[in-house]
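# Survey of secondary and tertiary structure
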Amino acid sequence: MIIVMLGAPGAGKGTQAAAISEKYGLPHISTGDIFRSNIKNGTELGKKAKSYMDQGKLVPDELTVQLLLDRVAKEDCKEGYILDGFPRTIPQAEVLTQALAKDGQKVDFALNVDVPDENIVRRMSGRRSCPKCGASYHIEFIPPKKEGICDVCGTALIQREDDKPETVKNRLSVYHEQTQPLIAYYEKAGVLHTVDGTKDKDDVFADIASILG
Ligand code: ADP
Ligand code: ADP
Ligand code: ZN
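The sections below set out a description of the structure shown in this document. (Residues numbered from 1 in each chain as written. Chains lettered and ligands numbered in written order. Predicted model: local features only at pLDDT ≥ 70, side-chain atom pairs only at ≥ 80, totals over all residues. Heavy atoms only, no water.)

## Considering the coordination of the zinc ion (ligand 3)
Put simply, the rule is: The donor definition counts N, O and S atoms within 2.8 Å of each metal and applies 3.2 Å to Na, K and Ca; water is not among these atoms, so some sites may look incomplete. Labels for metal geometry use angle windows, namely 85 to 135 degrees for all angles of a four-donor tetrahedral site, and for square planar (four donors) or octahedral (six donors) sites opposite donors over 155 degrees apart plus all others within 65 to 115; sites meeting none of these are irregular. Numbering of helices and strands runs from the N terminus, with a helix taken as a DSSP run of H or I at least four residues long and a strand as a DSSP run of E at least two residues long.
Only Cys130 (SG), Cys133 (SG), Cys150 (SG) and Cys153 (SG) from the protein coordinate the zinc ion (ligand 3), and they sit 2.3 to 2.4 Å from it. Coordination at the zinc ion (ligand 3) is tetrahedral: its four donor atoms span angles of 99 to 118° at the metal. Counting residues between consecutive donors of the zinc ion (ligand 3) along the chain gives the motif C-x2-C-x16-C-x2-C. Placement of Cys130 in the loop between β5 (127–129) and β6 (136–138) and of Cys153 in the loop between β6 and α7 (165–179) is noted, with a sequence separation of 23 residues between them.

## Re the packing of aromatic side chains
The cut-off we apply is this: Each pair of aromatic rings taken from Phe, Tyr and Trp, with Trp reduced to its six-membered ring, is defined by centres within 6.5 Å and is described as stacked if the planes are under 30 degrees apart, edge-to-face if over 60, and tilted in the remaining cases.
Inspection of the entire model under this criterion finds one aromatic pair. For the pair Tyr185 and Tyr186, a centre-to-centre distance of 5.0 Å together with 85° between the ring planes defines the contact as edge-to-face.

## A short note on unusual backbone geometry
Going from Phe86 to Pro87, the amide bond is cis rather than trans, its omega being -5°. You can see Pro87 is positioned in the loop between β3 (81–84) and α5 (90–102).

## Regarding the pattern of salt bridges
Let me state the cut-off plainly: Throughout this description, the term salt bridge denotes a Lys or Arg side-chain nitrogen within 4 Å of a carboxyl oxygen of Asp or Glu. Buried residues are those whose accessible area, probed at 1.4 Å on protein chains only, stays under 20% of the maximum for their type, while exposed residues exceed 50% and partly exposed ones sit between those limits.
For the structure shown, the criterion picks out 12 salt bridges. Residue Asp162 is joined to Arg171 by a salt bridge in which the shortest nitrogen-to-oxygen separation is 3.8 Å. Accessibility expressed as a relative area gives 10% for Asp162, which makes it buried. Its relative accessible area of 11% is what places Arg171 among the buried residues. Residue Arg171 is joined to Asp163 by a salt bridge in which the shortest nitrogen-to-oxygen separation is 2.9 Å. This pair shows no difference in class: Arg171 is buried, exactly as Asp163 is.

## Some remarks on the pairing of β3
The test is simple: One bridge is not enough; two strands pair if DSSP finds at least two bridges between them.
Residues Tyr81 and Leu83 of β3 are buried on one face, and the alternating residues Ile82 and Asp84, pointing to the opposite face, are buried as well. For strand β1 (residues 2–6) and β3, the ladder comprises four bridges, and the chain directions are parallel. When the sheet's bridge partners are listed, Met5 is paired in β3 with Asp84. With three bridges joining them, strand β2 (residues 28–30) and β3 adopt parallel strand pairing. Within the sheet, the bridge partner assigned to Ser30 lies in β3 and is Asp84.

## Digging into the sheet that holds β3
Two orientations exist for strands paired in a sheet by backbone hydrogen bonds: parallel and antiparallel. Just so we agree on the cut-off: In this analysis, axes come from line fits to C-alpha atoms, helices being fitted only over the stretch in contact, and the angle between any two N-to-C directions falls in the range 0 to 180 degrees.
In spatial order, the strands read β2-β3-β1-β4-β7; together these five strands make up an open sheet with parallel pairing. Every other strand in the sheet has two partners, leaving β2 and β7 (192–196) as the edge strands with one partner each. When strand polarity is set aside, the average angle formed by the axes of neighbouring strands in this sheet is 25°.

## A closer look at the layout of surface pockets
Basically, it comes down to this: Both site types are read off a 1 Å grid over the protein atoms alone. A 1.4 Å probe that fits but cannot get out defines a cavity, while an open set with protein on both sides within 12 Å along at least five of seven lines defines a pocket; lining residues have an atom within 4 Å of a point. Grid points are joined across faces, edges and corners, and a volume is the space filled by probe spheres set on the points.
Reported here for the second largest pocket is a volume of approximately 220 Å³. Around the second largest pocket sit 13 residues that line it, and Val72, Ala73, Tyr81, Asp103 and Gln105 are the ones nearest its centre. Mapped by element, the contributors of at least two residues to the lining of the second largest pocket are α4 (61–72) and α5. For the lining of the second largest pocket, the element with the most residues is α5, which contributes three residues.

Printed below as a string of structure tokens:
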């Protein structure tokens, strides 16, 4: 089962992908998390990706596509996986479609988590992220059990550099220009399902679980 999460930055893709991963036992692959761990470890890739991410721009395909293809070729992806943050452009989606077709595979579900722009800034400004395991919390809507500490791994939570309101504005316009066209792309492929992402986290997940079966 290959699942692609679609939706604006802050729509809840990561939150839902983590819940799907837990219920269905599939790896949760977030290209944003992969870039952030490269930045933290000071790799060449991290240095290159950081300048784009800090401005709210997309990291160029040359740095993104092969990284993702290598990741999904790993053993733990044999039974399927959940992509969170990839594809983000039509060319990325086309590369993925072609790479899967070579192995007789395809994206089975594209889950579009729909949240209007008005709600996004509030979601992003309250987001707190775990720098170790990537878990995402919200100071108001989804607080951790212990303030400032990740429920999953006990690490101190941080506010992402690119969640500042000015950067969020750029990310939203990049989303509308470059990523939103993927909704039509996957609709045409017959695998698109849209869920109302403004509901509570558990209600959104219930809708997703009924789609996945
Ligand atoms: P969000 O959780 O807000 O959707 P992500 O963690 O997925 O954000 O991504 C953070 C940043 O990493 C993006 O703004 C972009 O700069 C970069 N990035 C992540 N995935 C991709 C991708 N598939 N293509 C290009 N850039 C990406
Ligand atoms: P994305 O991966 O799409 O960027 P996240 O999953 O990181 O989004 O969620 C963005 C922010 O919104 C986080 O602070 C998260 O805790 C919060 N959030 C996620 N789902 C919901 C929801 N259904 N209702 C309210 N807040 C949510
Ligand atoms: Zn954690």
